[in-house]
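# Chain and residue survey
So you can see what is in the structure, the chains are spelled out below.
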Amino acid sequence: WVTISIYLSVVGWAYAVGSVFALINDKTFRATVSRSVFSWRVRGMPDPFFVICGAGQSCTALAKALDRIGNRLVIIDSDDQRTTRIEMIDFTSPPLVLNEDARLPDVLVDAGILKPNCLGLMALAGDDGVNQAIAIGARTLNPDLRIVARVKTAVAQVNLEAFGGVHVINPFETFATNVALDLAAPEVLRLEEWLTDAPDQECPERVNIPTGPWVLVGFGRFGGAISKVLDSAQIRWKAIDSTIVEEQDDRLLVGDNSEAQLREAGIERAAVIVAGTD
């Protein structure tokens, strides 16, 4: 009986150990444990911090700048490769990183947006719809939270501005504004770029954008924003794009960017060429 009991115990323990190893290797279990540890660490964070949704190039640059001036960070992204890259960066204070969808309210709560020491949330995902959902969700959960959202379409921008409580940044319009400022007051642009750059950066050089004829290769959101600036500065331009439905004026050419059509747009005489296709 003792011998049989020993053998049965060995079989039972072997099954239990195998089940434990299988559970540890289970992706769902590991994600649940990681989420619990993340939430526990955020709850115990005493320092002021920012929440950044998105882990692309903009997030990386912003995270480095905020880290250098002494801010703690919580970063959320649904792409595990991007979150892994963020975790490999050498920060003064390593950020807390979560691989989840920031559009979910419980994810935002776990990220600490309801904590009084949360200084703000930045929605920097690559999709306007995602940023819009994150900003609206965060605003609904915490109306007093400072929220910044990056959007590239006029519809998303109007929606968020109408919703209220969200600072909206359109990168195309921002770039076009900087172009206009360089054309009108280049030293003011240098000062603005220097004051808003990351800490310890040198004063940038003047861009000195030429005022000669421009060729806009691609006339979408980016090309359209640039063309308005050029019109205000009374600078001649032509645009070529295969998606133009009809030629609304003689400056818009329907083309597929072939050599002949680029020549027709005046690329040989252009002082500036804008590569603005998708």
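These figures come from a predicted structure and were not determined experimentally.

## Some thoughts on the overall build of the chain
- When you go through the chain residue by residue, the secondary structure sums to eleven helices and ten strands.
- Taking 19 Å as the expected radius of gyration for a compact globule of 278 residues, we find that the chain reaches 26 Å, considerably beyond that expectation.
- Reported as C-alpha extents along the three principal axes, the dimensions of the chain are approximately 100 × 40 × 35 Å.
- Counting only residues that meet the buried cut, the chain has 37% of its 278 residues in that class.

## Remarks on unusual backbone geometry
- Its identity is not glycine, yet Asn208 carries a phi of approximately 55 degrees, on the positive side.
- Here Asn208 is to be found in the loop between α9 (186-196) and β7 (214-217).
- Even without being a glycine, Gln234 presents a positive backbone phi close to 55 degrees.
- Counting through the fold element by element, Gln234 comes out in the loop between α10 (221-232) and β8 (237-241).

## Observations regarding the sheet that holds strand β10 (residues 272-275)
- Taken in spatial order, the four strands make up an open sheet running β9-β8-β7-β10, and their pairing is parallel. Single-partner strands in this sheet number two, and they are β9 (252-254) and β10. If you compare each strand with its neighbour and ignore which way they point, the axes differ by 20 degrees on average.
- In this sheet, β9 lies alongside β8 in parallel orientation, the contact comprising three bridges. Bridging across to β9, Ile240 finds its partner in Leu253.

## Re the nonpolar core
- Core analysis: the largest hydrophobic core is formed by 31 residues, its most contacted members being Val51, Cys53, Val74, Leu108, Leu121 and Ile134.
- With four residues, the single largest contributor to this core is helix α6 (residues 128-141).
- Apart from the residues lying within four places of it in its own chain, the contact partners of Cys53 are Ile76, Ala102, Leu108, Leu121, Met122, Ala123, Leu124, Ala125 and Ile134.
- In this structure, Val179, Phe222, Ala225 and Leu230 belong to the second largest nonpolar core, which totals 18 residues.

## What about the packing of α6 against helix α7 (residues 154-163)?
- Where α6 contacts α7, the axes come no closer than 10 Å and their chain directions differ by 5 degrees. Taken together, α6 and α7 sit at an angle that is classed as roughly parallel. On α7, the residues that touch Asp128, Gln132, Ala135, Ile136, Arg139 and Thr140 of α6 are Ala156, Asn159, Leu160 and Phe163.
- A breakdown of the residues in the contact of α6 with α7 according to their chemical character gives five nonpolar, three polar and two charged.

## Quick notes on the packing of aromatic side chains
- Tallied over the entire structure, the rule returns three aromatic pairs.
- When the centroid spacing of 5.8 Å and the interplanar angle of 50 degrees are considered together, the rings of Phe172 and Phe222 count as tilted. Of this pair, Phe172 sits in helix α8 (residues 171-184) while Phe222 sits in helix α10, and the two are 50 residues apart along the sequence. Exposure class is identical for Phe172 and Phe222. Each is buried.
- Plain terms: the ring middles of Phe175 and Phe222 are 5.5 Å apart, the flat faces sit at 55 degrees to each other, and that makes the pair tilted. Taken together, the residues Phe175 in helix α8 and Phe222 in helix α10 connect sequence positions 47 residues apart.
- Since its relative accessible area comes to 44%, Phe175 is described here as partly exposed.
- Phe222 sits in the buried class, given a relative accessible area of 19%.

## Considerations on the layout of surface pockets
- A volume near 1200 Å³ is recorded for the largest pocket.
- Along the walls of the largest pocket sit 28 residues, with Ser58, Leu62, Ile169, Thr174 and Thr196 positioned nearest its centre.
- Looking at the lining of the largest pocket, the elements that each hand over two or more residues are α3 (57-68), β4 (118-123), β5 (147-150), β6 (167-169), α8 and α9.
- Tallied by class, the residues present in the lining of the largest pocket amount to 17 nonpolar, six polar and five charged.
- Estimates place the volume of the second largest pocket at around 430 Å³.
- Taken together, 13 residues make up the lining of the second largest pocket; nearest its centre are Ala31, Ser34, Asp80, Thr83 and Asn99.
- Elements supplying a minimum of two residues to the lining of the second largest pocket: α2 (27-43), α4 (80-87) and β3 (96-98).
- Of all the elements, α2 adds the most residues to the lining of the second largest pocket, at five residues.
- Its residues assigned to classes, the lining of the second largest pocket comprises three nonpolar, four polar and six charged.

Criteria and thresholds
- Residues numbered from 1 in each chain as written.
- Predicted model: local features only at pLDDT ≥ 70, side-chain atom pairs only at ≥ 80, totals over all residues.
- Heavy atoms only, no water.
- Helix = DSSP H or I, 4+ residues; strand = E, 2+ residues; numbered from the N terminus.
- Rg over C-alpha atoms; globule rule 2.2 N^0.38 Å.
- Buried < 20%, exposed > 50% of the residue type's maximum accessible area, 1.4 Å probe, protein only.
- Pairing = 2+ DSSP bridges.
- Axes fitted to C-alpha atoms, helices over the stretch in contact; angles between N-to-C directions.
- Core = buried A, V, L, I, M, F, W, Y, C linked by side-chain atoms within 4.5 Å.
- Contact = heavy atoms within 4.5 Å.
- Parallel < 35°, antiparallel > 145°, perpendicular 65-115°, else oblique.
- Nonpolar A, V, L, I, M, F, W, Y, C, P; charged D, E, K, R; others polar.
- Phe/Tyr/Trp six-rings, centres within 6.5 Å; stacked < 30°, edge-to-face > 60°.
- 1 Å grid on protein atoms, 1.4 Å probe; cavity = no way out; pocket = protein on both sides within 12 Å on 5 of 7 lines; lining within 4 Å.
- Points joined across faces, edges and corners; volume = space filled by probe spheres on them.

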